[in-house]
Amino acid sequence: MTDARADAIPPASPLDQDFSRPGRKPGRRSGWRLVRGAWRLLVGIKDFLVLAAMLLFFGLIFAALNARPGTKAITDGALLLKLDGPIVEQPETVAPLAMLSGRSVPHEYRLRDLVRAIDTAKDDGRVKVLVLDLDAFGGAYPATLQEVGDAIQRFRKGGKPVLAYATAYTDGAYRLAANASEVWVNPLGGTLFTGPGGNQLYYKGLIDKLGVTTHVYRVGKFKSFVEPYIRSDQSPDARAASQALYGTLFAQWREAVAKARPKAQIDAFLTQPDRAVLASNGSIADANLKAGLVDKLGDKLAFGKRVAQIAGAEANKPAGSFRTISYASWVRANPLPTKGDAIGVLTIAGNIVDGEAGPGTAAGETVSKALLDGLAKKNLKALVVRVDSPGGSVLASEQIRQAILEAKRQKLPVIVSMGGLAASGGYWVSTPADLIFAEPGTITGSIGIFGIIPTFENTLAKIGVTTDGVKTTPLTGQPDVLGGTTPMLDTILQAGIENGYRQFLTRVAEARHMTPEKVDTIAQGRVWDGGTARQIGLVDRFGNLSDAIAEAARRAKLDPAKVYPEYLEKKPGFAAVLAEGFDSDDDGQQGGDFFAIAAAERRAVAARALGDVARLARGGSVQAKCLECGALGPIGSASDERLLDLLIARLGL
């Protein structure tokens, strides 16, 4: 008799046929059911993957259409700079799948694009007002803030207003906002200033509890990068150096704010902020208004209405909307010039590491190849090296330096332009320069090197595990991370570090026309501000990237007005361009009050610490890196934030 179920539902495949006819063994029937179930599972996975691929495909098509320049005409309105992330020299590439994952992807704003956007808007009649939304500003190095602030001042001198808004301003955000013609703050928020500095993490206690032995090889009494692994607090030498550096940078901050906003009475908020707030019955915003720190109290709705009075209101949009020119569209509509003679610009941004890496990390192989390819394939008249790095691998730093020397061997003028940060390995790669430009707020120096090897013999001993074996030479099995290093290896490695430091001194001495002994007095791993660095001979002139390009042109006997920068870096791939299409000025983090800022900074400290541990574990070579620099720049890097997100997800927090 025919099985009624088989008549009602035709088999979808040969594997769905009924094998329960007489004569079939029960074991074989169970086996076919298992195969049939597996087949259906595979078909289901296939259907899911096809659906996901289709969604991704159409999503990328949508992004591409939105990312294409000129798809939406730029009309009159307000140029909106919603800086919901840090300002950096070279943003990290965002993977398209990260955009589609639903997770918040931190924004990073390229300094040169931001400055160009403001400068081109100054003389364009379509831009009626510049709007700074600093509610979730991610920070920047002091020199970077100064350069953006100068651009805002140029915009204002062109006769157009600048309006700034935040629920609460960080110190860096206020340095930008002080240049605005109208500074707004939320009445339920308010701004307090903290100044540079603060606590950093020291891991010595944890390392001791775990039984880890940290073998440190270093030169330079101010080379404090290793201190968190060998001390429970800051050394007196490192503290004295940090106090001097932070004091100078804080004085520059106060001077910049006072110059941009003379009526701001900031002293009370720096010395006795409690009295200022209590005098306003606990309202920080009211205290800000009384002290002239801000001009208006109002929420986003009130601020939007004010902007609409200048830029025009958006038809059929909610109250508080105004006619907007998006930052991304404006940057695309105002590309870099490409006419004239080419001045090569090599960007060295982020941690200097061995091997290859994407934008935002200065990988020795990647950066040197970009320069050597540019020298071979492009008709460069001069080279400008733009440095914005805390340093890193000595091996990678030397690889990049050798590539820069190749440009000199080809008789090209070489000018270094230091951005917000050019310390340690960042200074190593600067030594081939004919001339070094920096800003007064640039962080540089930190001439010193170190190496760290952790071993776990005591950790294993805690659980009764020991090591033993046969050694054929004094260095067999060394460095032994399980059994510990030997005194002989420690002596050899320390000698190698001292030799590397002598090489560092020699390179600086030859470049700066000093004796190695003279360099040693200003080295020892000490970090300097740009102003002091110029006084002691580590820097030649004050100036930004444009100044460096102009000087390079003059040294190549060219008219600075008739050259253009040819950036020697990998162009964004197709996937990266598509990923940008998902970006929007309406996306990103939302700001908050002083408590929210504190929470964001706690998260940033955790992310930076996690990133430091990961970089220490991956770092396979001698390092020339600056510790103090991280506390003076952007709140946190995108890669560190992603690492923290991954850890939180794994822990189920």
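## Concerning the nonpolar core
Stage number 1. Formed by 55 residues in total, the largest nonpolar core has its most connected members in L134 and Y169.
Stage number 2. Residue contributions to this core peak at six residues, all from helix α4 (residues 111-122).
Stage number 3. Dropping the residues within four chain positions of it, L134 is found in contact with L83, Y165, A166, Y169, A173, L176 and A177.

## Thoughts on the environment of M418
Stage number 1. Tracing the backbone through its elements, the reader meets M418 in strand β15 (residues 414-423).
Stage number 2. Classification of M418 by relative accessible area gives buried; the value is 0%.
Stage number 3. A sequence separation of 29 residues divides M418 from S389, and the C-alpha atoms of the two residues are 9.0 Å apart.
Stage number 4. Here M418 is in contact with R386, V387, Y427, S430, I436, F437, A438, T442, T444 and V539, once residues within four sequence places are set aside.

## Description of the side chain of E398
Stage number 1. Mapped onto the fold, E398 is located in helix α16 (residues 394-409).
Stage number 2. Leaving out residues up to four positions away in the same chain, E398 has contacts with W428 and R507.

## Notes on the packing of aromatic side chains
Describing an aromatic ring pair means giving the distance of the ring centres and the angle of the ring planes.
Stage number 1. A full pass over the atoms with the stated rule returns ten aromatic pairs.
Stage number 2. Aromatic pair F250 and W253: ring centres 5.9 Å apart, planes at 20°, arrangement stacked. Remark: W253 and F250 occur in helix α9 (residues 236-260); sequence separation between them is three residues, near one turn of the helix.
Stage number 3. Accessibility expressed as a relative area gives 7% for W253, which makes it buried.

## Some points on the pattern of salt bridges
Stage number 1. Going through the model one piece at a time under the given rule, you end up with 28 salt bridges.
Stage number 2. When the shortest N-O distance is used, the salt bridge between E551 and R554 registers 3.3 Å. Residue E551 and its partner R554 are located together in helix α22 (residues 545-555), separated by three residues, close to a single helical turn.
Stage number 3. Take R554: its relative accessible area is 47%, and that puts it in the partly exposed class.
Stage number 4. Residue E551 pairs with R555 through a salt bridge whose shortest N-O separation is 2.8 Å. Linking E551 with R555, this pair stays in helix α22, spanning four residues, or about one helical turn.

Definitions and limits used
- Residues numbered from 1 in each chain as written.
- Predicted model: local features only at pLDDT ≥ 70, side-chain atom pairs only at ≥ 80, totals over all residues.
- Heavy atoms only, no water.
- Core = buried A, V, L, I, M, F, W, Y, C linked by side-chain atoms within 4.5 Å.
- Buried < 20%, exposed > 50% of the residue type's maximum accessible area, 1.4 Å probe, protein only.
- Helix = DSSP H or I, 4+ residues; strand = E, 2+ residues; numbered from the N terminus.
- Contact = heavy atoms within 4.5 Å.
- Phe/Tyr/Trp six-rings, centres within 6.5 Å; stacked < 30°, edge-to-face > 60°.
- Salt bridge = Lys/Arg side-chain N within 4 Å of Asp/Glu carboxyl O.

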